[in-house]
Amino acid sequence: MRAAVISFTDHGALLAAKLSGELPKRRIACSAWVKKKDAVSTDRVQALDRSLREWTREQFQKAELLIFIGAAGIAVRSIAPFVKSKKTDPAVLVIDEQGRHVISLLSGHIGGANAMARLTAELLGAEPVITTATDLHGKFAVDAFGAGRNLYLDSMEYAKEIAAELVAGRRVGMRSVFPVFGAVPEELDMEGTPPVGFAVDVRRSRPFLHTLHLAPRITVLGIGCRKGVEEAHVKEVVTRVLEEHQVFLESVCRIASIDLKKKEEGLLGFSGWLKVPFETYTAEELEEAESEDGFAESAFVRGVTGVGNVCERAALKSAGTRRLLIPKTAREGVTVAAAVTDYTLWMED
């Protein structure tokens, strides 16, 4: 995590300096500034050489945590033009100039502001101020649960509905296609079918009338293609295949193929668009892959690449499994298969 701290007084700058020294010990890279006339840069706190608006705009794009040491109004006015979504906004904290209270102001759950408020308060000997309802009632928070495990949430509306049900004292449903480790909170019903609940799955399963999906990023795509295929075509084919199998595109963690395709611009561009790694294997390495159901072999593909199936073998090899999620699907010069890596859902942090 990257943190950016802004202060406005001499005492605030001292608090900023303390945080810039302590947060890195918790694996949080931290840069600190002071916006004050005639402020002097030090080893830990820089004098701000631009407007507060420019600083805020830049940090909203670069940092995962913004800390304002000063009045809450300053923070609110500074971030207001840049607030977009609970899914993308960084965590924002406000600390009073005396360091007595740390307020979780924005992105309390998904952005981690509530957790960061508690940590920062601990470092400063301050009192954390948390205002989210599930925390105040001591209830399970599904958005924080998902964010802490890097799960994709497909509906913030259903997340809000789950929170409202829990705050009202009603149980919500939970399903997981993966093994569950740890104690499941009492307010989560893993056997009944309440109208509202969440499912941990890479597919769009719907065990409840209103189902929030939490998708782990564990799907590996194996892709084969003709030479010179365009990125847009790869994107269109893969998206269509995943939709047909009800698999979330957001669950993809990497793309795999044969080493003959390691410089294929269409595949490189697609992996860049998805922001996931692209890895390749030799024909000999792909031959080592095993499948529970065998492979859809092609004599033509073997003659060209040295292995009878690229996409299925690449997906299984990369995922380290023998079971396919999606078997070989061929569309206009692109073949796609998918597998998932081993995954266990940990209930405890």
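Computed from a prediction, not measured in an experiment: that's the story for all the values here. (Residues numbered from 1 in each chain as written. Predicted model: local features only at pLDDT ≥ 70, side-chain atom pairs only at ≥ 80, totals over all residues. Heavy atoms only, no water.)

Engineer: Just checking my understanding: could you explain the sheet that holds strand E7 (residues 127-129) for this structure?
Structural biologist: Strand pairing in a sheet takes place through backbone hydrogen bonds and is either antiparallel or parallel in direction. The strand order across the open sheet formed by seven strands is E3-E2-E1-E4-E5-E6-E7, and the pairing between neighbours is mixed. Only two strands of the sheet have a single neighbouring strand rather than two, namely strand E3 (46-47) and E7. As judged from the three bridges shared by strand E6 (residues 101-106) and E7, these two strands associate in the parallel manner. Within E7, the position partnered with Val 102 by the bridge is Pro 128. (Pairing = 2+ DSSP bridges. Helix = DSSP H or I, 4+ residues; strand = E, 2+ residues; numbered from the N terminus.)

Engineer: Would you explain the pattern of salt bridges in this entry?
Structural biologist: On inspection of all chains with the given rule, the structure shows 22 salt bridges. A salt bridge links Arg 170 to Glu 165, with the nearest nitrogen and oxygen atoms 3.0 Å apart. Residue Glu 165 is classed as buried on the basis of its relative accessible area of 17%. The salt bridge involving Arg 302 is made with Glu 287; its shortest N-O contact spans 2.9 Å. (Salt bridge = Lys/Arg side-chain N within 4 Å of Asp/Glu carboxyl O. Buried < 20%, exposed > 50% of the residue type's maximum accessible area, 1.4 Å probe, protein only.)

Engineer: Quick question: what am I supposed to make of helix H7 (residues 156-167) here?
Structural biologist: Counting along an α-helix, one turn takes 3.6 residues, and residues three or four places apart therefore face a common direction. Taking 1.5 Å per residue, 12 residues should reach 16 Å; H7 reaches 16 Å between its end C-alpha atoms and fits that length. Buried residues belonging to H7 abut helix H6 (142-148), strand E8 (151-153), strand E9 (172-176), strand E12 (196-200) and strand E13 (210-216). (Expected span 1.5 Å × (residues − 1). Contact = heavy atoms within 4.5 Å.)

Engineer: When you look at the environment of Arg 44 in this model, what are you seeing that I'm missing?
Structural biologist: Within the secondary structure layout, Arg 44 lies in the loop between strand E2 (29-34) and E3. Those residues in contact with Arg 44 that sit more than four places away from it in its chain are Ala 17, Ser 20, Gly 21 and Ala 32.

Engineer: Any chance you could explain the nonpolar core here in plain terms?
Structural biologist: Nonpolar side chains in soluble globular proteins generally cluster together in the buried interior. Grouped together as the largest cluster of nonpolar side chains are 45 residues, with contacts concentrated most on Phe 198, Leu 214, Leu 221 and Ile 223. It is helix H8 (residues 231-244) that contributes the most residues to this core, five residues altogether. In this view, Leu 221 contacts Val 238, Leu 242, Val 252, Arg 254, Ile 255, Ala 256, Phe 270, Ala 315, Val 336, Ala 337 and Ala 338; residues no more than four positions away in its chain are not counted. (Core = buried A, V, L, I, M, F, W, Y, C linked by side-chain atoms within 4.5 Å.)

Engineer: What is the right way to read the pairing of E9 from this model?
Structural biologist: Two faces, one strand: in a regular strand the side chains alternate between the faces of the sheet. Looking at chain direction, E9 and strand E11 (residues 188-189) are connected through two bridges and run parallel. Among the inter-strand pairings, Val 172 is bridged to a residue of E11, identified as Leu 188. The pairing of E9 with E12 spans four bridges and is parallel. When the bridges of E12 are listed, Met 174 appears paired with Phe 198.

Engineer: What is the right way to read the packing of aromatic side chains from this model?
Structural biologist: In this description, an aromatic ring pair is defined by two values, namely the gap between the centres and the angle between the planes. Scanning the model with the defined rule gives 10 aromatic pairs in all. Summarising the aromatic geometry, the rings of Trp 33 and Trp 55 are spaced 5.7 Å apart at their centres and angled 75 degrees between planes, so their arrangement reads as edge-to-face. With Trp 33 in strand E2 and Trp 55 in helix H2 (residues 52-62), this residue pair connects regions lying 22 residues apart in the sequence. Pair check on accessibility: Trp 33 and Trp 55 agree, each one buried. An angle of 10 degrees between the planes, with centres 5.8 Å apart, marks the rings of Phe 140 and Phe 198 as stacked. Taken together, the residues Phe 140 in the loop between helix H5 (133-136) and H6 and Phe 198 in strand E12 connect sequence positions 58 residues apart. (Phe/Tyr/Trp six-rings, centres within 6.5 Å; stacked < 30°, edge-to-face > 60°.)

The analysis is restricted to geometry; functional conclusions fall outside its scope.
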